[in-house]
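So you can see what is in the structure, the chains are spelled out below.
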Amino acid sequence: MTSDPIPSVTEATLTDVATNGVWGPGHSVNQAVVDVSRALLAAAQGEEGVELPPELAELVADVQRIGRIALPRIVSHDGTRLSAFSIKLKGDAPRPVVIVPAGWNPYGWLPFLHAYLKLAQRGYHVLAYSPRGIGIKGWLSTSEGFVDVAGPNDWADGTVVIDYAQEAFEPSRTGFLGESYGSGISQLVAAHDPAGRVDAVVALSTWGNLATSLYNNGTRHLEAVQALIDFTGGPLEEKFDEGTQQLLKDFLSGRNLDEVVAWGTERSPQAYVDQTNARGVPTFLSNTWHETLFPVNPVVELFERLTVPKRLNLWIGDHGAPEGPGLAGLVTGLPFPGLAEPTLEAYRWLDHHLLGTDNDVPNWSAVSSQSMFTYRTVAIPGGTKLITVPAHRETYVSWDEATTGSERWYLTGADDTGDGALTDKPTAGWSRDFAAGALTSSVAGELLKTGQQEWFGNPRTYEPANFERDQLLVWSTEPLTGSDEAARRIRGTATVHLTVRSSTDAATVIAYLYDVAPDGTARIITHEPYTATDLTPEVDTTIAWHLQAVSYDLPTGHRLALVVNSRDPLYSYAGSDLPALTTTTVSSANGNDARLDLPLG
């Protein structure tokens, strides 16, 4: 694995995992997660002198008593050797196996050792593996080959891994559990295994359509793709074959995007939903409202098309934030109530469908949606907050049921403050422009990190009064009133409808919806970019696009604000090849009013 000494795991290490999650500085895994997993692996293999807190030491001892641990190399269809970790339960009684394709990270299967031990404790054989190409060169948990990005080679690898599990464990049933990259692979293997041997799937922080997750509304999700490239455990030239290298380079430079879309569509569970439905594979999905890798809308679309036994959990935060601590090393001393639920519910799904456990899963509603920032918090040293009461969760038969009505807000021209208003009556004949091409203070948030802070009770605060008015446009309501619980219960997918023109032949416009408190501070509710191309300069074009789905309670006395700018660090910008700022104009005309359609529940 590495020549470094095995780290000691203390209560402070576990607190780090439980309060900071799985992501570390930059695009890295939290070192505490790696330390916990390395120590658990060493202890499970019987190494002497490994220092673990009592609860983890007892977990290792229990698993050693009931199972045998191995580190096999599984040879795939083309000779590629996949690194794996297995726990075979002792005894002759038939037991199901849970197969865990690793997430997209430099350490392959290593970071979730805790989850494998907990699964064994629940009564499963366990077989975790690193998908081809994933991992740091020379590490035990690294697999050979080039990263296939959940393509046909990964489907075939999944079938070979099932073959291995059948021979090694003779399991009663076979389930897949994956987080992130492993979640997409889990769904795709379930749809493609020739013998249809997958009996249940858990797909955490997953995607529905890889193409639209990374390229939608004419806008490339540049930072997400760059992070994926950087996060494989090696340079692009070593981790991907020449064809994939070229495709990724084309994506980053904005070339041959039709080929990119076809490539992403082939790797999308949504493309094979009919196969999943025909096989009846019970499927558990989870995603987050402010997901910066695999946005929520494609996941909801996939879920709504599934006709199998299914569950969709929607959480506050970003990629991997809700489930990560539970998979990586969460123990009894929880920093806030409800932190363990994202992982425990996934386990209960497997228990029912694989072990046949008589639990509450059959009575679950299909959708459980957590309303953003409805938790209660207290201030703690260091300037952050700690959750004392978890955020409210609502259940629905389908996500469509969350939206019971809508409200239309019309955009106005600028008033005495220089901003526009959101009103209940159309106002035509106005136009407003801004300088496009510069980054502003209105941004969706830092990839992975901002949403992780939201999950732990610390959503980012914005100050709309300080937004750069020459480089963006602002519209807002008056303070809103409503029920005692909320002025507006925003549930579903908002739509923005604008008439735009540009001084050039293309324009990127990004819509952000904010909750503005009486003190002038704001929190982001949702957002989404749109890029219009092949424009005639200085000629109006009408566009409309959906923002990302949301469950948000806007408190009484707060204002709703819509901000439109041209650039965000997460996305491509239509004028990136231009030497100077351009001008984008937003207007409203009779019969083509600028408006925001807000979904309510």
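Above this text sits the structure in question.
Residues numbered from 1 in each chain as written. Predicted model: local features only at pLDDT ≥ 70, side-chain atom pairs only at ≥ 80, totals over all residues. Heavy atoms only, no water.

**Side note on the packing of aromatic side chains**
Within the structure shown, the criterion is met by 23 aromatic pairs. For the pair W104 and Y181, a centre-to-centre distance of 4.7 Å together with 75° between the ring planes defines the contact as edge-to-face. With a gap of 77 residues between them, W104 in the loop between strand 6 (97-101) and helix 4 (113-122) and Y181 in helix 6 (residues 181-192) connect regions that are remote in the sequence. Just as W104 is buried, Y181 falls in that class too. Considering the side-chain rings of F467 and Y514, the 5.6 Å spacing of their centres and the 50° angle between planes classify their relative orientation as tilted. Placement of F467 in the loop between helix 16 (449-455) and strand 21 (473-476) and of Y514 in strand 24 (residues 507-516) is noted, with a sequence separation of 47 residues between them. Pair check on accessibility: F467 and Y514 agree, each one buried. (Phe/Tyr/Trp six-rings, centres within 6.5 Å; stacked < 30°, edge-to-face > 60°. Helix = DSSP H or I, 4+ residues; strand = E, 2+ residues; numbered from the N terminus. Buried < 20%, exposed > 50% of the residue type's maximum accessible area, 1.4 Å probe, protein only.)

**Considerations on the nonpolar core**
Residues Y116, Y514 and L560 are the most contacted members of the largest nonpolar core, which totals 194 residues. Ranked by residue count, the leading element in this core is helix 2 (residues 31-44), at 9 residues. (Core = buried A, V, L, I, M, F, W, Y, C linked by side-chain atoms within 4.5 Å.)

**Some thoughts on the packing of helix 10 (residues 242-253) against helix 11 (residues 257-266)**
With their axes 9 Å apart at the nearest point, helix 10 and helix 11 run at an angle of 120° to one another. The pairing of helix 10 with helix 11 is recorded here as oblique in orientation. Judged by the sense of rotation from one axis to the other, the crossing of helix 10 with helix 11 is left-handed. Of the residues in helix 11, those touching helix 10 at T244, L247 and F251 are L257, E259, V260 and W263. (Axes fitted to C-alpha atoms, helices over the stretch in contact; angles between N-to-C directions. Parallel < 35°, antiparallel > 145°, perpendicular 65-115°, else oblique. Left-handed = near helix turned anticlockwise from the far one by under 90°. Contact = heavy atoms within 4.5 Å.)

**Let's talk about the side chain of T244**
Among the secondary structure elements, T244 is positioned in helix 10. Residue classification places T244 among the buried positions, given a relative accessible area of 7%. Apart from the residues within four sequence positions on either side, T244 is in contact with V149 and W263.

**A look at empty space enclosed by the protein**
Here the structure, examined in full by the defined rule, presents 7 cavities of 30 Å³ or more. Computed from the structure, the largest cavity encloses a volume of approximately 300 Å³. Surrounding the largest cavity, 26 residues form its lining, W23, W104, N105, S180 and F231 being those nearest its centre. Grouping the amino acids of the lining of the largest cavity by side-chain chemistry returns 16 nonpolar, 9 polar and 1 charged. Taken as a whole, the second largest cavity encloses approximately 210 Å³ of empty space. Lining the second largest cavity are 18 residues, with V149, L210, L214, L228 and W263 sitting closest to its centre. Elements represented by at least two residues in the lining of the second largest cavity include exactly helix 7 (210-214), helix 8 (222-230), helix 10 and helix 11. Considered class by class, the residues forming the lining of the second largest cavity number 17 nonpolar, 1 polar and no charged. (1 Å grid on protein atoms, 1.4 Å probe; cavity = no way out; pocket = protein on both sides within 12 Å on 5 of 7 lines; lining within 4 Å. Points joined across faces, edges and corners; volume = space filled by probe spheres on them. Nonpolar A, V, L, I, M, F, W, Y, C, P; charged D, E, K, R; others polar.)

**Some remarks on the pairing of strand 24**
Most of strand 24 is tucked away: 10 of the 10 residues are buried. On strand 24, burial covers both faces: A507, V509, A511, L513 and D515 on one face and T508, I510, Y512, Y514 and V516 on the other are all buried. As paired elements, strand 24 and strand 25 (residues 522-532) share 10 bridges and run antiparallel to each other. Bridged to V509 within strand 25 is Y530. Where strand 24 meets strand 28 (residues 559-565), 7 bridges bridge the pair, whose relative direction is antiparallel. What sits directly across from Y512, in strand 28, is V563. (Pairing = 2+ DSSP bridges.)

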